[in-house]
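These are the residues of each chain, in order.
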Amino acid sequence: MSRSAREGGSEELVRGEWESFAEWGEDLEINVAKVDVTEQPGLSGRFIITALPTVYHCKDGEFRRYQGPRTKKDFINFISEKEWKSIEPVSSWFGPGSILMSSMSALFQLSMWIRTCHNYLIEDLGLPVWGSYTVFALATLLSGLLLGLCMIFLADCLCPSRRHRPQPYPSKKLLPESSQPLRKVEEEHEADDEDVSEEEAERKEGTNKDFTQSAIRQRSVGPSLATDKS
């Protein structure tokens, strides 16, 4: 007997045991269900199904993977004797509702969609295999190009380049370091202008004093000359 035949026989046996165990669901106050991962590929990625059949126990949002014997009696004992408490629950990072497992589920669904499209192009449209690969390659390049343009647009909106930013006008209160020598030169010119104005004021005062003294002298000399002539 081949390996595939043995695996198929074991799966049929476990399926029969599982259906018999499901009849005890009402007595054990549990819900027993089964899912075909070939029809629901998203669940295959969400629960990381690596072998068939895979059995999970779920209670209060915690998932535990059953790895014991696959008989009806063992299933019943697992529930009635609460053997599930001895099994460590799946980590929240790898839980079916986590972001990581949701991403894995989306990836599995995408792979199945690509496979369905590939079969449609080959079987229904009659394209060769290389033609189907060419279509997917062009679609990948186009989607990558659009995604890159969107990322560049978002980056430019969130972090604009410096050349697009308006340059602020320098205020008089806060002058840059490069303008400090110019300010010193202006201060020196202002100081020189003040010195020149002070010198001119002193000079004018000196000329006014000399003029008043000469006028006083002329007044004092004038009457004396008049008396001498008389």
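Criteria and cut-off values
Residues numbered from 1 in each chain as written. Predicted model: local features only at pLDDT ≥ 70, side-chain atom pairs only at ≥ 80, totals over all residues. Heavy atoms only, no water. Helix = DSSP H or I, 4+ residues; strand = E, 2+ residues; numbered from the N terminus. Pairing = 2+ DSSP bridges. Core = buried A, V, L, I, M, F, W, Y, C linked by side-chain atoms within 4.5 Å. Buried < 20%, exposed > 50% of the residue type's maximum accessible area, 1.4 Å probe, protein only. Contact = heavy atoms within 4.5 Å. UniProt positions renumbered as here; feature names shortened; annotations may be inferred. pLDDT = per-residue confidence, 0-100. Salt bridge = Lys/Arg side-chain N within 4 Å of Asp/Glu carboxyl O. Expected span 1.5 Å × (residues − 1). Arc of directions from axis to C-beta.

By the naming in an unreviewed UniProt entry, the protein is Thioredoxin-related transmembrane protein 1, taken from Myotis brandtii.

Caption draft 1: Looking closely at unusual backbone geometry. Positive phi values are uncommon outside glycine, yet Glu 29 reaches one of about 60°. Here Glu 29 is to be found in the loop between α2 (25-28) and α3 (41-46). If you check the backbone angles, Asp 60 has positive phi at about 55° while not being a glycine. For Asp 60, the position within the fold is in the loop between β1 (55-59) and β2 (62-66).

Caption draft 2: Structural context of the pairing of β2. Judged from the five bridges that link them, β1 and β2 form a sheet pairing that is antiparallel. Residue pairing across strands places Lys 59 opposite Glu 62, the latter belonging to β2. Between β1 and β2, which pair antiparallel in sequence order, lie two residues; one of them, Asp 60, sits at a positive phi of approximately 55°.

Caption draft 3: Representation of the nonpolar core. Counting 10 residues, the largest nonpolar core consists of Trp 18, Phe 21, Leu 28, Val 55, Tyr 66, Phe 75, Ile 76, Phe 78, Ile 79 and Trp 84. Every element with two or more residues in this core is listed here: α1 (3-22) and α4 (72-80). In contact with Ile 76, not counting residues within four places along its chain, are Phe 21, Trp 24 and Leu 28.

Caption draft 4: Local environment of the UniProt feature "transmembrane region" (unreviewed entry) in the protein. UniProt marks residues 93-114 and 134-155 with the feature "transmembrane region" (unreviewed entry), using the numbering shown here. Taken end to end, residues 93-114 comprises 73% helix and 0% strand; its first and last C-alpha atoms sit 28 Å apart. The annotated region residues 134-155 carries 100% helix and 0% strand content, and the separation between its end C-alpha atoms amounts to 32 Å.

Caption draft 5: Main features of the confidence of the model for the protein. Confidence along the protein averages 75 in pLDDT terms, with 67% of residues attaining 70 or more. Ranking the elements of the protein by mean pLDDT puts helix α7 (residues 180-229) last with 59 and α4 first with 90. Across residues 1-6, where pLDDT falls below 50, the model places one contact with residues more than four positions away in sequence or in other chains. Note that pLDDT drops below 50 for residues 220-230; the model gives that stretch zero contacts with residues more than four away or on any other chain.

Caption draft 6: Seen up close, the pattern of salt bridges. Scanning the model with the defined rule gives two salt bridges in all. Across the pair Lys 34 and Glu 19 runs a salt bridge whose closest N-O atoms are separated by 3.3 Å. Linking Lys 34 in the loop between α2 and α3 with Glu 19 in helix α1, this pair joins segments that are 15 residues apart in sequence. Between Arg 64 and Glu 62 there is a salt bridge whose closest N-O contact spans 3.2 Å.

Caption draft 7: Region of interest: helix α5 (residues 99-124). Here α5 is 26 residues long and its end C-alpha atoms lie 36 Å apart, about the 38 Å a rise of 1.5 Å per residue gives. Within α5, the full set of buried residues consists of Met 101, Ser 105, His 118 and Leu 121. Gly 126 occupies a position one or two residues after α5 and carries a positive phi of about 75°.

Caption draft 8: Structural detail: α4. Of all the positions in α4, only Phe 75, Ile 76, Phe 78 and Ile 79 are classed as buried. Taken around the axis of α4, the buried residues stretch over an arc of 155°, which confines them to a single face. Backbone geometry just downstream of α4 places Lys 82 in the positive-phi region, at approximately 55°.

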